[in-house]
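Below, each chain spelled out in residue letters.
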Amino acid sequence: MYVIIGQGAAGTAAANTLRQLDGKKAITVITKETDYFYSRVDLPDIIAGYYPPSAAMLQTKERFAELGISCRMGEMVTAIIPEKKTVRLAGGECLEYEKLLVATGSVPVLPPITGLEAKGVYTLWTMTQAGAIIRAAAGARTAVVIGAGLIGVKTALALAARGLAVTLVEKLPRVLPRQVDAAAGAIVARRIAEKGVAVMTGAVVEGIATEDGAIVGVKVSGQMLACDLAVVAVGVRPEAELARQAGLEVRRGIVVDRFLQTSRPDIYAAGDVAEAPDFSGGYSVPARWPVAVEQGQVAASNMAGRKAAYLPVPAMNAVEVAGLPLISVGDVEGEPGDDILVSAQGDNYKKLVIRDKIVCGVLCIGDIRQAGVLGGLVIRQAEVRAAGRLLAPEFGFADLLAM
Ligand SMILES: Cc1cc2nc3c(=O)[nH]c(=O)nc-3n(C[C@H](O)[C@H](O)[C@H](O)COP(=O)(O)OP(=O)(O)OC[C@H]3O[C@@H](n4cnc5c(N)ncnc54)[C@H](O)[C@@H]3O)c2cc1C
C-alpha cells in the first residue's frame, strides 16, 4: 500500500500520479484537516468575500473516491516507524506502507511575544482558520496584521476589503521583504496604503494586550494599537517533527535527494516540508505551490518504480498585490559587485541583477510584459553581452538570438 501523509498540493498531486501509474495498488491519504483538497492561495480572497469557500475546492470527496484513493480525513499521524514500515494514527491504529510520502507542508511560526493565546489572535494556513477569521471580522472594526510577507499583505488587504480599519506591521524596513527590493517595496506599500491599509515598517511588535482573555490591542515600538483582532503572519516553517522523531535526516526541512527520497529507504518527502537540491547548487525549502505539485508528481513516479528527477528552478513568484502585478525570478536583491540595471516609471519597475555576465535576478512590477523573456534568461543562465539592451521597452524573444 502507498501511504501519503498530507492532502495539500504535494500529497494530492502524488496520490493522483500514483493512481495514473499504478491502477491497482491501494493508496491512502491521511490528513488532519477535514476539508478536502483546496487552494490555500485563495484563502485571502475568501476572507475578503470575493468568493465563497467552495470556489477554492480543487478535488472533491467524490473525485478521490472515483480514483480509488482512500482518504482518512481529520486524522493525525503521530509517529512514523521505519523499522516496521508503519505509521501510527492518533487513535492508536497502525497502517503499514510499502512506500510512504511525507507531505506535511508548513505551519505558521509564532514570534516570542506575550498574549498570543488570547481570543481574537489568529494565524492563516487552513480553511478552518480562514473561517474563524471571517467570523471574528464580522463583529470587528479594527485589525492588526503582524508581518508583511505575502500572506500578511494579502490578509491585510482582505480584511480592509471587508471594511475593517487595518494596520499592517513589519519588523523589516519594507513590505514583501522576500520578494522585492527597497524601491519596489515602496511602490507596493503605497498601493497597499491606497487600499486603506495603514503600513508600519521597521516596527517591532512587543506584545498583545488583552482584557478578560481577549485581545484589545497590539503594542508596537512602544505604541499601543487598539484592535478587535490580530492575524500573526511572520512566516512558516516545515512541519518536519514526525520525520525528525523517526530518525530521518532533517535540517530546516526533511532532507531529500533529487528523486525526493529521504535518508530512509521507501520514505519520500515533497512540498513545503522537503529540503531539496536547489537551483544554486545547495539545498533549500522553496515553500511554493507549483514546486509542491511538481515534487509530489516526481516523488510518486519514484514510489511507483519509474525513476524521475526533480529539476530545481530559481525562486519565482508571480502574484498580484493591491491590483499591481508582480513577478520576481531568482536573486532580486543582488550582491556587492553585481551589475544592477533598473528602469522605474510611476508604479512600473523593472530590475535586473547580472553577476559575471549572467542574469541571476529579474523583478518586474506593474508592466510585466517582458517578465517571461527576462525570467527565461535567469533559468537558462545564458551569458549576456549587450546587457544595456535588456531594459529596452522593445526587448523581446527575437533579441535573444542576438545575445
Ligand atoms: C494565504 C496563503 C497564500 C499563499 N500564496 C501563495 C502564492 O501566491 N504562491 C505560492 O507559490 N504559494 C503560496 N502559498 C503557499 C502554498 O500554499 C504552499 O506552498 C503549498 O500549500 C504547500 O503545499 P504542501 O502540500 O507542501 O503542504 P500543505 O498545503 O501545508 O499541506 C500539508 C497537509 O498535511 C497535513 N498534515 C501535517 N501534519 C500532519 C499529520 N501529522 N497528520 C496528518 N496530516 C498532517 C496538514 O494539515 C496539511 O493539510 C500561500 C499559502 C497561504 C496560506
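Residues numbered from 1 in each chain as written. Predicted model: local features only at pLDDT ≥ 70, side-chain atom pairs only at ≥ 80, totals over all residues. Heavy atoms only, no water.

**Description of the overall build of the protein**
Here is the rule: Helix and strand assignments follow DSSP, with helices taken as H or I runs no shorter than four residues and strands as E runs no shorter than two, numbered in order from the N terminus. We compute the radius of gyration over the C-alpha atoms and compare it with the globule rule, which gives 2.2 Å times the number of residues raised to the power 0.38. Think of it in three bands: residues with accessible area under 20% of the maximum for their type are buried, residues over 50% are exposed, and the middle band is partly exposed, with areas taken using a 1.4 Å probe on protein chains only.
Check the secondary structure of the protein and you find 10 helices and 26 strands. For a compact globule of 403 residues, the expected C-alpha radius of gyration is about 22 Å, and the protein comes in at 22 Å, within 12% of that figure. Along the first, second and third principal axes, the C-alpha set of the protein runs to 65 × 60 × 35 Å. Put simply, the protein has 403 residues, and 52% of those count as buried.

**Details of the UniProt feature "domain: FAD/NAD(P)-binding" (unreviewed entry) in the protein**
The line we're drawing: UniProt positions are given in the numbering used here, feature names are shortened, and annotations may be inferred rather than shown by experiment.
According to UniProt, the "domain: FAD/NAD(P)-binding" (unreviewed entry) feature falls on residues 2-296. With 25% helix and 29% strand, the stretch residues 2-296 has end C-alpha atoms that lie 13 Å from each other.

**A few points about the domain arrangement of the protein**
Worth spelling out the cut-off: Each domain's extent was defined by an automatic or database domain assignment. Note on definitions: a residue-residue contact is assigned when non-hydrogen atoms from the two residues lie within 4.5 Å. Here the buried area means the combined drop in accessible surface, using a 1.4 Å probe, for two parts upon being joined, counting both sides. Throughout this description, the term salt bridge denotes a Lys or Arg side-chain nitrogen within 4 Å of a carboxyl oxygen of Asp or Glu. Polar contacts, as used here, are pairs of N or O atoms within 3.5 Å; protein pairs need one atom able to donate a hydrogen and one able to accept it. Residues neighboring in sequence count only if both atoms are side-chain atoms. All residues other than Ala, Val, Leu, Ile, Met, Phe, Trp, Tyr, Cys, Pro, Asp, Glu, Lys and Arg, Gly among them, are scored as polar; the first ten of these are nonpolar and the last four charged.
Parsing the protein into structural domains produces domain 1 (2-107 + 237-303), domain 2 (121-232) and domain 3 (323-400). The C-alpha centroid of domain 2 is placed 30 Å from the C-alpha centroid of domain 1. Each partner contributes to the interface: domain 1 provides 16 residues, whereas domain 2 provides 14 residues. The largest per-residue losses of area from domain 1 upon contact with domain 2 belong to L43, P44 and I47, which jointly make up 42% of the total buried on that side. The interface formed by domain 1 and domain 2 includes zero salt bridges. Across the domain 1-domain 2 interface, the total number found is four residue pairs in polar contact (both at pLDDT 80 or more). The leading source of residues in the side of domain 1 that touches domain 2 is helix α2 (residues 43-48), at five residues. For the side of domain 1 that touches domain 2, the residue count by class is 10 nonpolar, two polar and four charged.

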